[in-house]
Amino acid sequence: MFAETPPPPYTAVIFTSIRTDADPDGYAATAARMDELAAEQPGFLGIESARSDLGITVSYWTSAEHARAWKQVAEHLLAQRTGRERWYRGYRVRIATVEREYGF
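Values in this document were obtained by computation on a predicted structure and should not be read as measured data. (Residues numbered from 1 in each chain as written. Predicted model: local features only at pLDDT ≥ 70, side-chain atom pairs only at ≥ 80, totals over all residues. Heavy atoms only, no water.)

Novice: Which residues make up the pairing of strand 2 (residues 44-51), and what values do they have?
Specialist: As paired elements, strand 2 and strand 3 (residues 55-61) share seven bridges and run antiparallel to each other. Note that in strand 3 the partner of Phe44 across the bridge is Trp61. The antiparallel pairing of strand 2 with strand 3 creates a hairpin that spans three residues between the two strands. (Pairing = 2+ DSSP bridges. Helix = DSSP H or I, 4+ residues; strand = E, 2+ residues; numbered from the N terminus.)

Listed below in structure tokens is the structure:
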């Protein structure tokens, strides 16, 4: 499903990742919890995610300040640390301002 976003501008946090070969113990539950927790944060607009060899998750926020605040939520910080230690071989986070949106 596509995230329901307002007319631009708004902020997109683009998280791309490559998983380790290790057993993803707890990964799915943590990912689901992060989706729930993000939705409770001020400024959250929505999230879209896909995974094959490369995973991409894009979360949408009303402002860069709201996106920065999400990065510092304690439970999210723990998930980030666990991801670096167990689940990801590598990742990139990119922050962008959405200036235009269209689709069909």
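Novice: Describe the nonpolar core, and please don't skip the residues or the numbers.
Specialist: Counting 10 residues, the largest nonpolar core is built from Val13, Met34, Leu37, Ala38, Phe44, Trp61, Ala67, Trp70, Val73 and Ala79. When contributions to this core are tallied by element, the ones reaching two or more residues are helix 1 (27-39) and helix 2 (64-71). With three residues, helix 1 is the largest single contributor of residues to this core. With sequence-adjacent residues up to four places away left out, Val13 is seen in contact with Thr57, Val58, Ser59, Trp61, Ala67, Val93, Arg94 and Ile95. With six residues, the next largest nonpolar core counts Ala3, Ala12, Val58 and Tyr60 among its residues. (Core = buried A, V, L, I, M, F, W, Y, C linked by side-chain atoms within 4.5 Å. Buried < 20%, exposed > 50% of the residue type's maximum accessible area, 1.4 Å probe, protein only. Contact = heavy atoms within 4.5 Å.)

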